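This is what each chain is made of:
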Amino acid sequence: TSNPMIIDYVNSKMRSDFLDVYLGAHCAFCLSTTSGFDQIPSIFRKPVAFITVPLVFFETFLEKALIITKHHYSKIKKRNLTLSEICSSDISCSFGTEKYKEKNIDLVDNTPREIEDLAIEMMDRVEDKWNSNEADNKLQKKFWNIYLSSNYNKFFQNKKFHGEVRAKFSARYLSNNPNWLL
């Protein structure tokens, strides 16, 4: 882009360890794919909007976290899997592509619109412009009930992994993907 307000920081000559920390400490929020950098804003209690896979590693303990995930497309069923189907499978805990290939599942990147929606929702929340309505609250409750009742204990050898859930799953993602919560 030629937009002077957009800086390709990763490929710029300005990039440094100091500036990495500075940006993480002073940002309005961070948009991340759980790549590691997001821990810097988290340390400084800055909000983080995550696009996370695998599902088991949602950073539910972060009060200022907003989460979405990639779509899990089943080649066998010829459709996206529901949250319940993902959570009841060991793919919810899979890091490598081998498990997804073995189960005939493609991870489908979020659309630019979904990422834009995540960023806008996070900005609205940061600026205190977000108003959750009853429908949003019901979707949040349904999401977390399915998510927390999943089969993760097998993966963590029966240790409780998720304590108090402070994070939010994107209300826009949930309302735009109603079949995901079936």
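Scroll up for the structure.
Residues numbered from 1 in each chain as written. Predicted model: local features only at pLDDT ≥ 70, side-chain atom pairs only at ≥ 80, totals over all residues. Heavy atoms only, no water.

A. Structural context of the nonpolar core. Of all hydrophobic cores here, the largest spans 32 residues; its most connected members are Leu83, Phe143, Phe169 and Trp180. Within the residue set of this core, elements represented by two or more residues are strand S2 (48-51), strand S3 (65-68), helix H3 (83-87), helix H5 (112-126), helix H6 (134-148) and helix H8 (171-176). Once residues lying within four places of it in the same chain are set aside, the contact partners of Phe143 are Phe58, Leu83, Phe169, Leu174, Trp180 and Leu181. (Core = buried A, V, L, I, M, F, W, Y, C linked by side-chain atoms within 4.5 Å. Buried < 20%, exposed > 50% of the residue type's maximum accessible area, 1.4 Å probe, protein only. Helix = DSSP H or I, 4+ residues; strand = E, 2+ residues; numbered from the N terminus. Contact = heavy atoms within 4.5 Å.)

B. Quick peek at the pattern of salt bridges. As enumerated under the stated definition, the model contains 13 salt bridges in all. For the salt bridge of Asp20 with Arg15, the shortest nitrogen-to-oxygen distance reads 4.0 Å. The class for Asp20 is buried, based on a relative accessible area of 14%. Given a relative accessible area of 45%, Arg15 falls into the partly exposed group. The partner of Asp117 in a salt bridge is Arg113, with the nearest N and O atoms 3.1 Å apart. Of this pair, Asp117 and Arg113 both sit in helix H5, separated by 4 residues, roughly a single helical turn. When its relative accessible area of 8% is taken as the criterion, Asp117 is described as buried. (Salt bridge = Lys/Arg side-chain N within 4 Å of Asp/Glu carboxyl O.)

C. How the structure looks around the pairing of S2. The alternating pattern of S2 places Val48 and Phe50 on one face and Ala49 and Ile51 on the opposite face, and all of these are buried. Sheet topology note: the S2/S3 ladder contains 4 bridges and is parallel. For Ile51, the partnering residue across the bridge sits in S3 and is Ile68. (Pairing = 2+ DSSP bridges.)

D. Region of the structure containing the packing of aromatic side chains. Evaluated as defined, the whole model comprises 12 aromatic pairs. Aromatic side chains Phe58 and Phe169 sit 5.9 Å apart centroid to centroid with 45° between the ring planes, which places their arrangement in the tilted category. Of this pair, Phe58 sits in the loop between S2 and S3 while Phe169 is found in strand S7 (residues 168-169), placing the two residues 111 residues apart along the sequence. Taking the relative accessible area as the measure of exposure, Phe58 reaches 2% and is therefore buried. Residue Phe169 is classed as buried on the basis of its relative accessible area of 0%. Taken together, the aromatic side chains of Phe58, Phe143, Trp144, Tyr147, Phe169, Tyr173 and Trp180 make up a single cluster linked through ring pairs. (Phe/Tyr/Trp six-rings, centres within 6.5 Å; stacked < 30°, edge-to-face > 60°.)

E. Main features of the state of the cysteines. Under the criterion given, the structure shown has 0 disulfides. We note that Cys30 lacks a disulfide partner, and the nearest cysteine sulfur, in Cys27, lies 5.9 Å from it. Residue classification places Cys30 among the buried residues on the basis of a relative accessible area of 6%. (Disulfide = S-S within 2.5 Å.)

F. Structural detail: the side chain of Glu59. Counting through the fold element by element, Glu59 comes out in the loop between S2 and S3. Although buried, Glu59 forms no salt bridge, and the nearest oppositely charged side chain, Arg166, lies 11 Å from it. Not counting residues up to four positions away in its chain, the partners in contact with Glu59 are Asp38, Gln39, Phe50, Ala65, Ile67 and Ala167. (Lys, Arg positive; Asp, Glu negative; His and termini not counted.)

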